[in-house]
Amino acid sequence: MIINSELEQRGNQFPNDIKEVRQEVDTIYFTTLNEVVLQLTVIRDSVIRFRYGTRGILEDDFSYAIDTDSYTGYNHLELTENKNYHIVTTAKLIIKIEKISLQTKILDKEGHLINEDEIGFHYEESFTLGGNIVKMGKRAHPGETFFGLGDKPVHLNLRGKKFTNWATDSYAFGKDTDPIYKSVPFYIGLKEKKAYGIFFDNSFKTNFDFCQERLDVTSFWAPGGEMNYYFFYGPSMSDVVANYTHLTGKPDLPPLWSLGFQQCKWSYFPESTVKALAQKFRDLRIPCDGIYLDIDYMEGFRCFTWNKEYFPDPKRMIGELEADGFKTIVIIDPGIKIDPDYWVYQEGLENDYFCKRADGPYMVGKVWPGECAFPDFTNPEVRDWWAGLFKDIVGDIGVRGVWNDMNEPAVMEVPGKTFPDDVRHDYDGHPCSHRKAHNVYGTQMARATYEGVKKYVYPKRPLVITRSAYSGAQRYTSSWTGDNVATWEHLWIANNQVQRMCLSGMSFTGTDIGGFAEQPTGELFARWIQLGVFHPFCRVHSSGHHGDQEPWAFGDEITNITRAFIEMRYTFLPYLYTMFYEYSTKGIPMIKPLVYYDQEDPHTNYRTDEFIFGNCILVCPILEPNSKGRRMYLARGTWYNFWDNSIIEGGRELWVDADLDRIPMFVKEGAIIPRYPVQQYVEEKVITELKLDVYFKIGKEASQVYEDGNDGYDYKKGRYSLRNFNLTGKEGELTIQQHKSGTYDTSYDTIKLNLIGLSFEIKTITVDNVEYDLNILENDGKCLKLSKNFAVVNLMG
Ligand code: MIG
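Every value quoted in this text rests on a predicted model; they were computed, and no experiment measured them.

Asker: Outline the overall build of the protein chain, supporting the account with residue identities and numerical values.
Answerer: Along the protein chain, the regular secondary structure elements total 13 helices and 52 strands. Relative to a compact globule of 797 residues, whose C-alpha radius of gyration would be 28 Å, the protein chain shows 27 Å and is just as compact. Projected onto its principal axes, the C-alpha coordinates of the protein chain cover approximately 85 × 70 × 50 Å. Residues counted as buried form 64% of the 797 residues belonging to the protein chain. The long-range fraction of contacts in the protein chain, counting pairs at least 24 apart against all pairs at least 6 apart in sequence, stands at 68%. Separation between the mean location of the 87 positive side-chain charges and that of the 111 negative ones in the protein chain comes to 3 Å.

Asker: Tell me what's going on with the site of the ligand, and back it up with residues and numbers.
Answerer: By nearness alone, 13 residues border the ligand, and Asp294, Asp405, Arg467, Asp483 and His541 come closest of all. Within the side chain of Arg467, an N or O atom sits 2.8 Å from an oxygen atom of the ligand. One of the side-chain N or O atoms of Asp483 is found 2.5 Å from an oxygen atom in the ligand. Of the residues assigned to the shell around the ligand, the class counts are eight nonpolar, one polar and four charged.

Asker: I'd like a description of the domain arrangement of the protein chain, backed by residues and values.
Answerer: When its domains are assigned, the protein chain resolves into domain 1 (4-234), domain 2 (263-333 + 384-414 + 430-570), domain 3 (591-668) and domain 4 (686-796). Between domain 1 and domain 3, the C-alpha centre-to-centre distance is 35 Å. Contact with domain 1, which involves 10 residues of that partner, is made by eight residues of domain 3. Of the roughly 800 Å² buried where domain 1 meets domain 3, counting both sides, 61% is carbon and sulfur surface. When the buried area of domain 1 at its contact with domain 3 is split by residue, Leu156, Leu190 and Lys193 rank highest and sum to 55% of it.

Asker: An account of the nonpolar core is requested, with residue identities and associated values reported.
Answerer: Residues Trp386 and Phe613 are the most contacted members of the largest nonpolar core, which totals 163 residues. Not counting residues up to four positions away in its chain, the partners in contact with Phe613 are Phe534, Phe572, Tyr575, Leu576, Met579, Met590, Ile591 and Val619. Core analysis: the second largest hydrophobic core is formed by 42 residues, Leu158, Phe163, Phe208 and Phe231 among them.

Asker: Residues and numbers for the UniProt feature "domain: Glycoside hydrolase family 31 N-terminal" (unreviewed entry) in the protein chain, please.
Answerer: Look at the UniProt record and you will see "domain: Glycoside hydrolase family 31 N-terminal" (unreviewed entry) annotated at residues 38-209. The distance separating the terminal C-alpha atoms of residues 38-209 is 23 Å; by composition the span is 0% helix and 49% strand.

Asker: How would you sum up helix H11 (residues 556-571)? Please name residues and give values.
Answerer: Under the 1.5 Å per step criterion, the end-to-end length of H11 is 22 Å for 16 residues, consistent within 8% with the ideal 22 Å. Among the residues of H11, Ile558, Thr559, Ile561, Thr562, Arg563, Phe565, Ile566, Met568, Arg569, Tyr570 and Thr571 are the ones counted as buried.

Asker: Any details on the sheet that holds strand E21 (residues 327-332)? Residues and values, ideally.
Answerer: Taking strand neighbours across the sheet as the criterion, the nine strands line up as E31-E30-E28-E25-E21-E20-E19-E33-E32 in an open arrangement whose pairing is parallel. Strands with a single pairing partner mark the edges of an open sheet, and in this sheet they are strand E31 (509-510) and strand E32 (512-513). Inspection of the sheet shows strand E25 (residues 401-404) paired to strand E28 (residues 463-466) by four bridges, in the parallel sense. Counterpart to Trp403 in the pairing with E28 is Ile465. Across the face of the sheet, helix H3 (residues 271-284) comes into contact with strand E19 (262-263) and strand E20 (290-293) while running at roughly 160 degrees to E20.

Asker: Account for the side chain of Asp108, with residues named and values stated.
Answerer: Assignment of secondary structure puts Asp108 in strand E8 (residues 104-108). A distance of 3.0 Å separates the side chain of Asp108 from the backbone nitrogen of Glu110, its partner in a polar contact. Excluding its chain neighbours within four sequence positions, the residues that come into contact with Asp108 are Lys92, Leu93, Ile94, Ile114, Lys194 and Tyr233.

Asker: Describe the pattern of salt bridges, listing the residues and the values that go with them.
Answerer: On inspection of all chains with the given rule, the structure shows 56 salt bridges. Here the residues in one salt-bridge network are Asp169, Asp405, Glu408, Arg467 and Asp483, joined through shared partners.

Asker: Give me the lowdown on the packing of aromatic side chains, citing residues and values where you can.
Answerer: In this structure the tally under the stated criterion is 67 aromatic pairs. Judged by centre distance (5.1 Å) and plane angle (50 degrees), the rings of Phe200 and Phe220 are tilted. Of this pair, Phe200 sits in strand E15 (residues 194-200) while Phe220 is found in strand E17 (residues 217-222), placing the two residues 20 residues apart along the sequence. Of the residues examined, Phe220 reaches a relative accessible area of 0% and is grouped as buried. Relative to Tyr575, the ring of Phe572 lies with its centre 5.9 Å away and its plane at 50 degrees, an arrangement referred to as tilted. For Phe572, a relative accessible area of 2% translates into the label buried. One aromatic cluster in this structure is built from Phe50, Phe146, Phe163, Tyr187, Phe200, Phe208, Phe210, Phe220 and Tyr229. Looking at Lys205, its charged tip hangs above the ring of Trp166, at a distance of 5.0 Å from the centre.

Asker: Please give an account of the UniProt feature "domain: Glycosyl hydrolase family 31 C-terminal" (unreviewed entry) in the protein chain that cites residues and values.
Answerer: Within this structure's numbering, the places UniProt gives as "domain: Glycosyl hydrolase family 31 C-terminal" (unreviewed entry) are residues 587-673. Helix makes up 5% of residues 587-673 and strand 39%. Its end C-alpha atoms lie 21 Å apart.

Asker: An account of unusual backbone geometry is needed here, citing residue identities and associated values.
Answerer: Geometrically, the link from Phe269 to Pro270 is a cis peptide bond, its omega value of -5 degrees lying close to zero. In this fold, Pro270 is placed in the loop between E19 and H3. The omega angle of the peptide bond from Glu408 to Pro409 is -5 degrees, so this bond is cis rather than trans. Note on placement: Pro409 falls in the loop between E25 and strand E26 (424-425). The phi dihedral of Asp768 is positive, around 45 degrees, even though this residue is not glycine. Tracing the backbone shows Asp768 in the loop between strand E48 (764-767) and strand E49 (770-772).

Asker: Summarise the environment of Glu550; cite the residues concerned and give the values.
Answerer: Inspection of the secondary structure assignment puts Glu550 in the loop between strand E33 (539-540) and H11. Exposure remark for Glu550: the relative accessible area of 5% places this residue in the buried category. Measuring from C-alpha to C-alpha, the distance between Glu550 and Glu110 comes to 57 Å, with 440 residues separating the pair along the chain. The residues contacting Glu550, other than those within four sequence positions of it, are Gln263, Lys265, Tyr268, Leu277 and Phe525.

Asker: Which residues make up the pairing of E15, and what are the values?
Answerer: Among the seven residues of E15, six are classified as buried, and the element is accordingly described as predominantly covered. Sheet analysis places strand E14 (residues 186-191) next to E15, joined by six bridges and oriented antiparallel. Residue pairing in the sheet places Leu190 in a bridge with Ala195 of E15. Connecting E14 to the next strand, E15, in antiparallel fashion are two residues, including Glu192 with a positive phi near 45 degrees. In the sheet, E15 pairs with strand E18 (residues 227-233) via five bridges, with the strands oriented antiparallel. In the strand pairing of E18, Phe199 is matched with Tyr230.

Asker: Tell me about the sheet that holds strand E52 (residues 792-796), and name the residues and values.
Answerer: Paired through their backbone hydrogen bonds, the strands of a sheet run either parallel or antiparallel. The strand order across the open sheet built from six strands is E44-E45-E46-E52-E48-E49, with neighbouring strands paired in antiparallel fashion. Sheet topology places strand E44 (699-708) and E49 at the edges, where each strand pairs with a single neighbour. Taking the axes of each pair of neighbouring strands and ignoring which way they run, one obtains an average angle of 20 degrees across the sheet. Summarising the sheet, strand E45 (residues 720-730) and strand E46 (residues 733-741) pair through nine bridges and their orientation is antiparallel. Within E46, the position partnered with Asn724 by the bridge is His739. The strands touched by helix H12 (residues 573-586) are E44 and E45; relative to E44, the strand with the most contacts, the crossing angle is about 90 degrees.

Asker: Give me the side chain of Asn115: which residues, what numbers.
Answerer: Relative to the helices and strands, Asn115 is located in strand E9 (residues 113-125). According to the relative accessible area criterion, Asn115 is buried, its value standing at 2%. Among residues more than four places away in sequence, those in contact with Asn115 are Lys105, Ile106, Lys138, Tyr196, Ile198 and Phe231.

Criteria and thresholds
Residues numbered from 1 in each chain as written. Predicted model: local features only at pLDDT ≥ 70, side-chain atom pairs only at ≥ 80, totals over all residues. Heavy atoms only, no water. Helix = DSSP H or I, 4+ residues; strand = E, 2+ residues; numbered from the N terminus. Rg over C-alpha atoms; globule rule 2.2 N^0.38 Å. Buried < 20%, exposed > 50% of the residue type's maximum accessible area, 1.4 Å probe, protein only. Contact = heavy atoms within 4.5 Å. Lys, Arg positive; Asp, Glu negative; His and termini not counted. Charge placed at Lys NZ, Arg CZ, Asp CG, Glu CD. Near = heavy atom within 4 Å. Polar contact = N/O pair within 3.5 Å; in protein donor to acceptor, adjacent residues only side chain to side chain. Nonpolar A, V, L, I, M, F, W, Y, C, P; charged D, E, K, R; others polar. Domains from an automatic or database assignment. Buried area = accessible area lost by both parts, 1.4 Å probe. Core = buried A, V, L, I, M, F, W, Y, C linked by side-chain atoms within 4.5 Å. UniProt positions renumbered as here; feature names shortened; annotations may be inferred. Expected span 1.5 Å × (residues − 1). Pairing = 2+ DSSP bridges. Axes fitted to C-alpha atoms, helices over the stretch in contact; angles between N-to-C directions. Salt bridge = Lys/Arg side-chain N within 4 Å of Asp/Glu carboxyl O. Phe/Tyr/Trp six-rings, centres within 6.5 Å; stacked < 30°, edge-to-face > 60°. Lys NZ or Arg CZ within 6 Å of the ring centre and 35° of its normal.

The following block contains the structure:
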């Protein structure tokens, strides 16, 4: 092997000849003469873990990201060798490890090279900090594209850019600001139409370079910890994302109300303001399920307290809001005010729960309450204690969700905006400095919060929202993208960020609709609402410094547009819930970038604006002022324009009209989209009929609708209703079969088929082998009401 002598001179060390190979069931250890160990584990046929130790040592194996419940299992594992390589073969992959260098190549079973080391693993010993700076160099091919990496506010395709993962409070960040709040060291590569993924599970300040320093090399490195990465092979991007999400964990279903509209501001207080806000939603008939209280509800910003002047009786207020269909969500920050008379501070102090500096004193930092101490959420005992603190506010007072802010952790008035590197953490029994714990701190806080809210809201389901996150946070929490700005550029960023988060295993994400900093124009607000109603988490939030940002703050025209789009979201609730079900059970992203939807079409590789909402609605936001429409790329296939049901062929760029009251939306032919009636909040109405919008197609299409009790855990005991539909369309014929599973009995008895684009006039209707009279057709022959348990309906022309 030719060692890059320049790199070597810079202090890099490289593995040399493999001297020993040892297999233990699914794990193979390759040790080199200079004592580098590669531990290769076959997790699934298409998921391989690569882990490197130096001086013959591997660290104690521990990760916050990995879901310990994620099962493993492969069909085939074989270790062979030839002159130059040791070769590991699974049912899906061939992995070659070069004998003289430990460099690897990964090929599919047909022998296509999927990914290969360039210089591969190398490292520098850090004599100032201890440990290694661990590095990996991979060859990048012409035309290869890269996606993922969490919340990066950049073009969807990461190629040509360099990134750092270090959770950072980034007020008013901009396009290309890096790093911001989240650290998700997972990316997807797409090479010659085949997708793979790499998850560098290292919580230090990880770095990624996608062909910026060198045009044909993608590299990643970290100033500590191990070179420890998981390789996922597709070839479909959906399998890559599903496998990554499976490994790092999938969330339980959230309460359905959390998919309703949420209204937030910094800050709604006192009680009379909150009540007036709630009333206004109902008066104007704008649907809303969640109202958020920002830091001012607390007494001097002390977590778990109430400002009694503003909120004299929070339990009564929250109960009254709840009676009117509103859930109350409150903010909780990590900083605990240093105040000897404050019980949370006292308990933390007595039990030694706060983070300390290397030499022993407490980590003290200024945040909203003034000088604060910070619980070490990486200590399981601290997490238990923290969870218990929610007993009153959730269990007794009735708060339904908790919003964790400032958990990067953010510290004011210091240059790094966070803890100093020397702060110590327990890291679940693997004591370490803040350099290692920083990126997971926010997730461990959200995790502790989740455990608490879950416990005290039981038998209902919890909702947690976090600002900072590391891979795996999706098991506990939803998230928002932090302090964005009310500009058109930020609308573009919002669209990219949510798509990127969905690719990164964290679908339950939204942006501050309208922008947090500064004030949107009515037009920008309307365009943002039109995008935001398609995001899994849908919340308006603003700093409140520049004016109002409620749906009625911009005049009647905007109020009406806003109402119409929020209403539309409520009609899509069963569709959204089914998306969540697919995310929660299979790790399928709730919204899908075009490249995910059709990776074989090279045009999609460079698109950013269009995305697929669920499985079959293509949306493209309007991102510029004064637009009457826009040019966009319609993915391949045949689509119905949502607004007028006209049929249009995709696989091309086109102009689409979209005045201020429209957003370009297309439905895939063959889709069956479940709709509920408009409600002012989830469960306002008993659903008496499920409407299915059926978009006719010649051919076959499968779809499903998931429903359950909307909250609680009975669904885990089988009390859900899953309707699988198979649509088959032919010239002059449409057949829909239904297979139902689950024991939940939905409140409605009928399903109404709303037939769109039927290419023939119906002459016969047969339901479960019984022929029906044509006069059961409604609405000009386009609607058909059936008993909800029909097995097969056949319509002939
Ligand atoms: O330093 O709680 O991102 O959503 O409204 C600002 C006040 C602290 C930042 C959050 C924002 C929240 C605000 N917080």
